[in-house]
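Chain by chain, the residues run as shown.
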Amino acid sequence: MNNLGDYELMLLIKCKQQKALSTLYDRYGALVYSFAFKALKDEQAARDIVQSVFIRLWTTESDYNPEKGRFTSWLLTVTRNITTDWLRKQRRQNAPLLALAPEELDRIPDSAAPSPEERAERESLKDQIRSAYQHLSSQQILLLEHFYWQGYSLSELAAAYNQPLGTVKNRLHQTLKILRRHMPAEEEGY
């Protein structure tokens, strides 16, 4: 198998030939490890990335196309994607879910040098939001803050709240209905 090219080995891997995967691992395991270690600065995490990369090669139907570039470039792209996902997951796990109180809306920066009319409109909108927030429970406010301002997905919030995904979706829907009911309708059709 050592005399086969990378593309031929990938074709054999699609046919579940373990020796082909082993050969690719022998060729590129150190390269994948060094890339992951440079990005993560953590030996164990880099080892985990190497394992994830080669599991991905074994389990997915994604194809390496030699006409689009070199195999090492493609492999490092797969490695980079897995490393990025790992970093994001670590960031999410280590970052607490924070709450932004309605009075902290003043700290949200406005655009550079807004006109007096824009400032007045923003202040009016902030007052409307504060007023509408009074009709929400603290859990509903947290859900809005986490979903809209901190960028958590509904599935991440379901895991963080230890609730079924459907429950979190329903809570968000109900919260938005309450806000809509208590926010004045836009007359100018923005």
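Procedures and definitions
- Residues numbered from 1 in each chain as written.
- Predicted model: local features only at pLDDT ≥ 70, side-chain atom pairs only at ≥ 80, totals over all residues.
- Heavy atoms only, no water.
- UniProt positions renumbered as here; feature names shortened; annotations may be inferred.
- Core = buried A, V, L, I, M, F, W, Y, C linked by side-chain atoms within 4.5 Å.
- Buried < 20%, exposed > 50% of the residue type's maximum accessible area, 1.4 Å probe, protein only.
- Helix = DSSP H or I, 4+ residues; strand = E, 2+ residues; numbered from the N terminus.
- Contact = heavy atoms within 4.5 Å.
- Phe/Tyr/Trp six-rings, centres within 6.5 Å; stacked < 30°, edge-to-face > 60°.
- Lys NZ or Arg CZ within 6 Å of the ring centre and 35° of its normal.

If you look the protein chain up in an unreviewed UniProt entry, it shows as Sigma-70 family RNA polymerase sigma factor from Paenibacillus albus. UniProt, in its Sequence similarities (unreviewed entry) section for the protein chain, records the words "Belongs to the sigma-70 factor family. ECF subfamily."

**Overview of the nonpolar core**
Side chains of a nonpolar character, in soluble globular proteins, are inclined to be buried together. Counting 23 residues, the largest nonpolar core has Met10, Leu24, Val53, Phe54, Phe71, Trp74 and Leu75 as its most contacted members. Mapped onto this core, the elements with two or more residues apiece are helix 1 (6-14), helix 2 (18-40), helix 3 (43-59) and helix 4 (71-94). Those residues in contact with Leu75, other than ones at most four positions away along the chain, are Tyr28, Val32, Val53 and Leu57. Within the second largest apolar cluster, 15 residues are counted, among which are Ile141, Leu144, Leu154 and Leu172.

**Some thoughts on the packing of aromatic side chains**
Going through the model one piece at a time under the given rule, you end up with seven aromatic pairs. Both rings, one in Tyr28 and one in Phe71, keep their centres 5.3 Å apart while their planes meet at 50°; by these two values the pair is tilted. On the criterion of sequence distance, the pair formed by Tyr28 in helix 2 and Phe71 in helix 4 is long-range, its members being 43 residues apart. Classification of Phe71 as buried rests on a relative accessible area of 3%. Note on Tyr64 and Phe71: the rings are 5.1 Å apart at their centroids and 90° apart in plane angle, and the pair reads as edge-to-face. Each member of the pair, Tyr64 as well as Phe71, carries the same accessibility label: buried. Connected via pairs of aromatic rings, a cluster forms that spans Tyr7, Tyr28, Tyr64, Phe71 and Trp74. Cation over ring: Lys16 sits above Trp58, and NZ or CZ is 4.9 Å from the ring centre.

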